[in-house]
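# Overview (structure and organization)
This is what each chain is made of:
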Amino acid sequence: MGRELFQGYQILKEYQFWPQEIPTFAEWATKWNLFGFVGPSGVQEAGAVIEELVLRMQDNAEMAIEAAKREESLIETEDQPIVYAQLRDSLLKDQASKKDKNWCVHNSIEGLRLGMASEMMDHVVAGFDTSSITLLFLTWELSLPSNKRWQDKLGFEIASLGGSLDPRPIDQLPILHAILLETLRLHAPVPGNQPRITPSGTHTTLGPSTHTFAVPPDVRVQAQAWSLHRNSSVFPDPERWNPGRWLESTPEQLEEMQRWFWAFGSGGRMCIANNFAMLVMKAIMVAIWREFRTRAVDVAALSGNSTLLQLVGTCTTGIEINLSFNKQGVWKCCPSMSGL
Ligand code: HEM
């Protein structure tokens, strides 16, 4: 199931621009069978396969909840649909508060089915691609011969854990944190198109205090992590992958960098899983570089990926990077590692 979903998603992703940015046109083109505009016919099928898979996942979650209620089966903790159950309960409560006399849970679940499936789809899609894209670029940057010193520093820092896999000290490793932040800055997996509609009935003021301008109500506006992360007055030499900027800057510079850092967005629609995602990626980094050294075999492979497509969504389909992993004993901690 995971494989089908992943393959379908990769096909869809290349054509996400149309339904996301010009939905009316995409709908019209689909209705009139003008698939050529919005993607080849395989794209429609990939969409149908993913919808079907997510609906099936939802049905299974429903069955698990019902079975648990009737105590028919003992469900293993890892198989319990905890997040789904939370969403389902809060939507049902919301519906019940507006209930009419014919209201019943089962009618309500049927009515909410597509809404809940869309939420599930959102979580599935938001959860895997972002982290995997970040780790792809991170592995690549760390494996370049020019960044070898960062890989060495990371290896020694991980060795300082003394083999512990406790998440708290892992989360506090400064070099590991800086490497991850710098990768999210330069290769943000959601680089653009995080639109918002300005509030109705009032003008919205945008821009710095010296250059403010008013945007009318109900207008679609957006900012891009890609551009914010390349502001050279905040991130000098912005195209250079340099984790040191997160370790050597003054507290004031650091505060400004954090204010401009937008990999997870901000405000009401910001990533709900940013802390979780950071921790998972850190755990994966520890798992790799506590055991291996990595080296990029084909140094030019990732160049040329900085296209307009990057502004819509980072697309790594078809990109292959060639790495060599050298397993060696766990690295010994080097006491002189404190200097950068
Ligand atoms: C490197 C990892 C990740 C990055 C960079 C990232 C980035 C983002 C960004 C920029 C948004 C906001 C989109 C917008 O403002 O329109 C977002 C939303 C979201 N993210 Fe993440 N994300 C990551 C990992 C995850 C993971 C692991 C999950 C779930 C397990 C997740 C779940 C979500 C959800 C559900 C939303 C929608 C929130 C809403 O609209 O209310 N993300 N993410």
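How each quantity is defined
- Residues numbered from 1 in each chain as written.
- Predicted model: local features only at pLDDT ≥ 70, side-chain atom pairs only at ≥ 80, totals over all residues.
- Helix = DSSP H or I, 4+ residues; strand = E, 2+ residues; numbered from the N terminus.
- Buried ≥ 20, exposed ≤ 12 C-beta atoms within 10 Å, placed from the backbone.
- Contact = placed C-beta atoms within 7 Å.
- Axes fitted to C-alpha atoms, helices over the stretch in contact; angles between N-to-C directions.
- Parallel < 35°, antiparallel > 145°, perpendicular 65-115°, else oblique.
- Nonpolar A, V, L, I, M, F, W, Y, C, P; charged D, E, K, R; others polar.
- Core = buried A, V, L, I, M, F, W, Y, C linked by C-beta atoms within 7 Å.
- Near = placed C-beta within 6 Å.
- UniProt positions renumbered as here; feature names shortened; annotations may be inferred.

Glancing now at the overall build of the protein. Counting secondary structure elements, the protein contains 15 helices and six strands. A burial count over the protein gives 19% of its 340 residues as buried. For the protein, the proportion of contacts with a sequence separation of at least 24, taken over those separated by at least 6, is 70%.

Between helix α8 (residues 148-159) and helix α10 (residues 174-186), whose axes approach to 8 Å, the crossing angle comes to 140 degrees. The angle between α8 and α10 places the two elements in the oblique class. Across from Trp 150, Lys 153, Leu 154 and Glu 157 in α8, the residues of α10 making contact are Ile 175, Leu 176 and Ile 179. Its residues assigned to classes, the contact of α8 with α10 comprises five nonpolar, no polar and two charged.

Next up on the list: the nonpolar core. In this structure, Leu 154, Leu 176, Ile 179, Leu 180, Ala 188 and Ala 225 are the most contacted members of the largest nonpolar core, which totals 27 residues. Secondary-structure elements contributing two or more residues to this core are α7 (105-143), α8, α10, α11 (225-228) and α14 (274-289). The biggest single contributor to this core is α10, with six residues. With residues near it in sequence (within four places) discarded, Leu 176 still touches Leu 154, Glu 157, Lys 282 and Met 285. Of all hydrophobic cores here, the second largest spans seven residues; its members include Leu 12, Tyr 15, Ala 46 and Ile 50.

Taken together, 20 residues lie near the ligand, and Ala 126, Gly 127, Thr 130, Cys 271 and Ala 273 sit nearest. Per element, the largest residue contribution to the shell around the ligand is seven residues, and it comes from α7. Grouping the constituent residues of the shell around the ligand by class yields eleven nonpolar, seven polar and two charged.

Turning our eyes to something else, we now look at the UniProt feature "binding site: heme" (unreviewed entry) in the protein. Here the UniProt feature "binding site: heme" (unreviewed entry) sits at Cys 271. Its place among the elements puts Cys 271 in the loop between α13 (251-260) and α14.

One non-glycine residue, Asp 218, adopts positive backbone phi at about 55 degrees. Mapping Asp 218 onto the fold places it in the loop between β3 (213-215) and β4 (220-223). A tally of 10 C-beta atoms within 10 Å means that Asp 218 is categorised as exposed.

Another aspect to go through is the environment of Gln 258. With respect to the element layout, Gln 258 can be found in helix α13. Along the sequence, Gln 258 and Leu 181 sit 77 residues apart, while their C-alpha atoms lie 9.8 Å from each other.

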